[in-house]
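# Working through the structure, step by step
This is what each chain is made of:
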Amino acid sequence: MSNLKGRIQEIYDQVVRRNPGEPEFHQAVKEVIETLGTVLEKHPEYVEQKIIERICEPERQIIFRVPWIDDKGEIHINRGFRVQFNSAIGPYKGGCRFHPSVYLGIIKFLGFEQLFKNSLTGLPIGGAKGGSDFDPKGRSNNEIMRFCQSFMNELYRYLGEHTDVPAGDIGVGGREIGYMFGQYKRLTNRYETGVFTGKGLTYGGSLARTEATGYGLIFFTHEMLATRKQSFDGKTCLVSGSGNVAIYTMEKVQKFGGKVVACSDSNGVIYDKKGIDLVTVKRLKEVERRRIRDYCEVHPDAEYREKGVIWEIPCDIALPCATQNELNGESAAKLIKNGCIAVAEGANMPTTPEGIKVFQDAGIMYAPGKASNAGGVATSALEMQQNASRDSWDFDFTEKKLHIIMKKIHASCFETADTYGCPGNYVIGANITGFRKVADTMIAMGLI
Ligand code: GLU
C-alpha cells in the first residue's frame, strides 16, 4: 500500500509538472486519485496498464480564436476551448461555460469531473467540457448570437451526435444552445438533433432537462438523508447561486417540505427568513436577466448582503449551487458550528479540499457534485435517447427516469464506500464507482 501511495504521489506530481498554472485541474485530479489506493491494491492491472496516467491526459484539446463584433461595431477577440477528455464509454459529453474566469485549467478540471460523473450515471457518455472567457453579462441578444455563431464556426468540425455532444453550463442556457445549434445546422447542412442537449422543445429538447440538475440534486440528497433517518421536512436550507441549478434545487426543496432562506449571485446574498419566493427569483433571473439584489424591490423585509457569505447563515442543509471553490474551510467550520447536518453539491467542485476535510472530520453527510449533480447530464443522455428514436417523452415519464437514475447513483456510491471500508464516504464511493467503469472499458479496448 505504501508503495501504491508513492506511485499515486508520483502520478500527481507528474500531472502538476505537465499542466503548469492550472490549480483547479490539479485539485480535481488530486481529490480523485487520492481515493483510489484501495482499488489499485485490488486491481494491479490498473497500475500495470497505467490507467490513471492515461485518464489524466485528455484525448484531445482544442483551443481557438473567437472574433466577434459588438453592437457598437467594435471587434472583440475571445478564446474558445473544448477538452475532449475521454470517450471510452461513449461519445464526449459535457457542457460549455461562458464566463470571464474560463481558461484551460477550468475547462480541464470540469472535463475531468465530467468523465467520472458521466460514468456514474450508468449511461453511455464519455467526458468533455468546453467554453470561452467571453463574458455574457450585460450583452444584448444580438451580441450573444454573434458570439455563439463565431464560437460554432470553429467548434462545429469537432462535434457530432456520435463524436461530441455539448450542452450548457454557467453562462450557457437554452438561448445560447439555440444559436449554436442553428449555426451548426447551417454549417453542416445536417439536422442532427443529437449533437446538442439542452435544446428548445420545438427542435428536439427534452422536457425536464431544465429542471434536471436541481431536481436530481434533491432526489440524491433525499436518499442520503434517509440513510440517517432524516428528511427535508421542516429543514432550513441554504442554496448558493440563483441560476438554473439553484432555481430548480429551491423548487424541489420546497416540494420536499424544506425551507430555503437564502440564495445568492456573484454580487451578494439574499436572506429571506420567510422563505425565498421563487416566482420573484425566476422572473428576475430567467426572464429579466437581472441581479438578485432586486429581489428586495418585491420583498422589502428580505435582507440583501452585498458581498456577503451565504454560509454564515444558520441552516440544517447547505446546497452549494454557484461555482467552484465557493465554500472554503472557514465557511465549512461555520456551517458545522451552526448545526448543519448535510451538504450536497449542485455546482462542480464548490467545496475546497479544506472544506471537505472539515465536513468529513465532523462526520456530517457530504455529497460531492460529481454524484449529486449528475442529474443534469443524465437527463441530457435521456434527451439523446429521445433524439435517437425521434421520440419525445412527457415530463412525468422523464422525471421518473431521472429519479430512478439518482437513486441508483446514490445506492452505488453508498455501497461502494461500504465495500471499500469507508461507510458513508460518498467521495470514495463516487470516485471508485466512476473510475472502475472507465478503467475496465479502457482495458477491454486495448491501448487507447
Ligand atoms: N454542465 C452540466 C454538468 O456539469 C451538464 C452537462 C451536459 O448536460 O452535458 O454536468
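Residues numbered from 1 in each chain as written. Predicted model: local features only at pLDDT ≥ 70, side-chain atom pairs only at ≥ 80, totals over all residues. Heavy atoms only, no water.

Neighbouring residues of the ligand: 13 residues in total, closest Lys93, Lys117, Gly168, Asp169 and Ser380. At a separation of 3.1 Å, an oxygen atom of the ligand approaches a polar side-chain atom of Gln114. Measuring from a nitrogen atom of the ligand, one finds a backbone N or O atom of Gly168 at 2.9 Å. Burial of the ligand by the surrounding chains reaches 94%, relative to a free accessible area of 300 Å². Only β3 (92-98), α6 (104-120) and α16 (375-388) provide two or more residues apiece to the shell around the ligand. (Near = heavy atom within 4 Å. Polar contact = N/O pair within 3.5 Å; in protein donor to acceptor, adjacent residues only side chain to side chain. Areas by Shrake-Rupley, 256 points an atom, 1.4 Å probe, with all protein chains shown as cover. Helix = DSSP H or I, 4+ residues; strand = E, 2+ residues; numbered from the N terminus.)

So, on to the pairing of β3. Taken across its seven residues, β3 has seven buried, putting it largely inside the fold. With four bridges connecting them, β3 and strand β5 (residues 164-167) associate as parallel partners. Each bridged residue has a counterpart across the sheet, and for Tyr92 the counterpart in β5 is Asp164. Note that the unit made of β3, α6 and strand β4 (residues 127-132) has a crossover that is right-handed. (Buried < 20%, exposed > 50% of the residue type's maximum accessible area, 1.4 Å probe, protein only. Pairing = 2+ DSSP bridges. Right-handed = clockwise from strand over helix to strand, strands pointing away.)

Turning our eyes to something else, we now look at the pattern of salt bridges. One pass over the structure, following the stated rule, counts 28 salt bridges. Note that Lys282 is salt-bridged to Glu251, the shortest N-O span being 2.4 Å. Here Lys282 is found in helix α11 (residues 278-287), whereas its partner Glu251 is found in helix α10 (residues 244-255), with 31 residues between them in sequence. Glu251 gets classed as buried once you look at its relative accessible area, which sits at 14%. What you see here is one network of salt bridges that share partners, running through Arg283, Glu288, Arg290, Asp294 and Glu297. (Salt bridge = Lys/Arg side-chain N within 4 Å of Asp/Glu carboxyl O.)

As a further point, take the packing of aromatic side chains. The geometry of an aromatic ring pair is captured by the separation of the ring centres together with the interplanar angle, meaning the angle of the planes. Under the defined criterion, the tally for this structure stands at 24 aromatic pairs. Between Trp68 and Phe147, the ring centres sit 6.2 Å apart and the planes meet at 90°, which makes this aromatic pair edge-to-face. Taken as a pair, Trp68 in strand β1 (residues 60-69) and Phe147 in helix α7 (residues 141-155) lie far apart in primary sequence, 79 residues in all. Grouping residues by exposure puts Trp68 and Phe147 together as buried. Aromatic side chains Phe98 and Phe134 sit 6.0 Å apart centroid to centroid with 85° between the ring planes, which places their arrangement in the edge-to-face category. A residue pair is termed long-range when its members are at least 10 positions apart, and Phe98 in strand β3 and Phe134 in the loop between β4 and α7 qualify at 36 residues. According to the relative accessible area criterion, Phe134 is buried, its value standing at 1%. Aromatic rings pair up to connect Phe64, Trp68, Phe98, Phe134, Phe147 and Phe151 into one cluster. Here Lys30 stacks its cationic end above the ring of Tyr12, 5.7 Å away from the centre of that ring. Seen from the ring of Tyr420, Lys42 lies directly overhead, with NZ or CZ sitting 4.3 Å from the centre. (Phe/Tyr/Trp six-rings, centres within 6.5 Å; stacked < 30°, edge-to-face > 60°. Lys NZ or Arg CZ within 6 Å of the ring centre and 35° of its normal.)

Another point: the side chain of Lys252. Tracing the backbone through its elements, the reader meets Lys252 in helix α10. For Lys252, a relative accessible area of 7% gives the class buried. Ignoring sequence-local partners within four residues, the contact set of Lys252 consists of Tyr215, Ile218, Phe219 and Glu399. (Contact = heavy atoms within 4.5 Å.)

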